[in-house]
Amino acid sequence: MPAGAADPSSTGRAPYEGERSVGQLFAAATQDLSALVHDEIALAKAEIRADVKRGVTGGVSVSVAGVVALASIPMLSFAAAYGLQALGLTLGWSFLIVGGAYLVLAALLGLLAMRSFKKIEKPKRTIEGAQATADVLKNARPRPATKEEIDRALGRIS
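Residues numbered from 1 in each chain as written. Predicted model: local features only at pLDDT ≥ 70, side-chain atom pairs only at ≥ 80, totals over all residues. Heavy atoms only, no water.

1. A short note on the overall build of the protein
(1) Moving on: Helices and strands together make up the secondary structure of the protein, namely four helices and zero strands.
(2) Moving on: Listing each helix as α and each strand as β along the protein from the N terminus yields α-α-α-α.
(3) Moving on: Taken across its 158 residues, the protein has 13% of its residues classed as buried.
(4) Moving on: Contacts in the protein between residues far apart in sequence, at least 24 positions, make up 64% of those at least 6 positions apart.
(5) Moving on: Of the roughly 12,200 Å² of accessible surface on the protein, a fraction of 67% belongs to carbon and sulfur atoms. (Helix = DSSP H or I, 4+ residues; strand = E, 2+ residues; numbered from the N terminus. Buried < 20%, exposed > 50% of the residue type's maximum accessible area, 1.4 Å probe, protein only. Contact = heavy atoms within 4.5 Å. Areas by Shrake-Rupley, 256 points an atom, 1.4 Å probe, with all protein chains shown as cover.)

2. Considering the packing of aromatic side chains
(1) Moving on: Going through the model one piece at a time under the given rule, you end up with three aromatic pairs.
(2) Moving on: Between the aromatic rings of Phe78 and Tyr82, the centroid separation amounts to 6.5 Å while the plane-to-plane angle is 15 degrees, which identifies the pairing as stacked. Here the residue Phe78 and the residue Tyr82 both occupy positions in helix H1 (residues 22-86), the gap between them amounting to four residues, near one helical turn.
(3) Moving on: The exposure class of Phe78 is partly exposed, given its relative accessible area of 46%.
(4) Moving on: Where Tyr82 meets Phe95, the ring centres are 6.0 Å apart and the plane angle is 80 degrees; that geometry is what we call edge-to-face. Residue Tyr82 is found in helix H1, and its partner Phe95 is found in helix H2 (residues 91-118); the two are separated by 13 residues along the sequence.
(5) Moving on: In this structure Tyr82 comes out as partly exposed when scored by relative accessible area, which is 43%.
(6) Moving on: By relative accessible area, Phe95 is classed as partly exposed at 30%.
(7) Moving on: Of the aromatic side chains, those joined through ring pairs into one cluster are Phe78, Tyr82 and Phe95. (Phe/Tyr/Trp six-rings, centres within 6.5 Å; stacked < 30°, edge-to-face > 60°.)

3. Thoughts on the environment of Val52
(1) Moving on: Among the secondary structure elements, Val52 is positioned in helix H1.
(2) Moving on: Measuring from C-alpha to C-alpha, the distance between Val52 and Ile120 comes to 8.0 Å, with 68 residues separating the pair along the chain.

4. Notes on the side chain of Thr126
(1) Moving on: Within the secondary structure, Thr126 sits in helix H3 (residues 124-139).
(2) Moving on: The exposure class assigned to Thr126 is buried, which follows from its relative accessible area of 12%.

5. Some remarks on the packing of H1 against H3
(1) Moving on: Packing of H1 against H3 leaves a shortest axis separation of 8 Å and a crossing angle of 160 degrees. With respect to H3, the element H1 is oriented roughly antiparallel. At the point where H1 passes H3, the crossing takes the left-handed sense. Contact residues: Leu33, Leu36, Glu40, Leu43, Ala44 and Glu47 in H1; Lys124, Arg125, Thr126, Gly129, Ala130, Thr133 and Leu137 in H3.
(2) Moving on: Here the contact of H1 with H3 is composed, by residue class, of six nonpolar, three polar and four charged. (Axes fitted to C-alpha atoms, helices over the stretch in contact; angles between N-to-C directions. Parallel < 35°, antiparallel > 145°, perpendicular 65-115°, else oblique. Left-handed = near helix turned anticlockwise from the far one by under 90°. Nonpolar A, V, L, I, M, F, W, Y, C, P; charged D, E, K, R; others polar.)

6. Here we look at the pattern of salt bridges
(1) Moving on: Here the structure, examined in full by the defined rule, presents four salt bridges.
(2) Moving on: Here Arg125 ties to Glu47 by a salt bridge, and the two come within 3.0 Å at their closest N and O atoms. Pair noted here: Arg125 is in helix H3 and Glu47 is in helix H1, with a separation of 78 residues, a long-range link.
(3) Moving on: According to the relative accessible area criterion, Glu47 is buried, its value standing at 12%.
(4) Moving on: Among the salt bridges present, the one from Asp151 reaches Arg156, with a minimum N-O distance of 3.0 Å.
(5) Moving on: The class for Asp151 is buried, based on a relative accessible area of 11%. (Salt bridge = Lys/Arg side-chain N within 4 Å of Asp/Glu carboxyl O.)

Laid out in structure tokens, this is it:
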């Protein structure tokens with residue numbers, strides 16, 4: 001800096017005891033904003049983790065329903081149809097009844113899976129926190145520089 005030029009970040013007076021400089025205030029604000037962002041990210045991760053677990057539960061239910069349906073259909077269908085035929089129904093009606101029973105079972109398992117999927121929620125607290133932070137940052141305005149501070153920054157006065 002040339003001799004006689006004022007430091008643009010200086011106001012020309014020493015801070016009072018316990019008063020922080022602009023640099024210290026800026027560093028503290030930056031640190032606080034960084035901590036806030038990290039906390040918001042941690043909250044989002046926690047909320048999303050819970051929803052992922054619910055989604056996995058629903059997915060597992062669907063998978064189990066599919067495996068049960070596929071593995072049991074041939075064996076149980078034939079056994080049930082021939083069992084109904086032994087009770088006096090024709091073979092066609094016997095197979096139709098058994099097929100309808102499996103459709104009812106598949107529908108029940110599908111409803112269980114849908115109930116699990118409906119429990120998944122968006123991360124409400126994270127969204128609210130991020131919106132509150134955005135509102136605060138929108139309304140934050142720096143105070144206007146005084147004429148003396150502008151003159152000092154431009155080197156008009158020392």
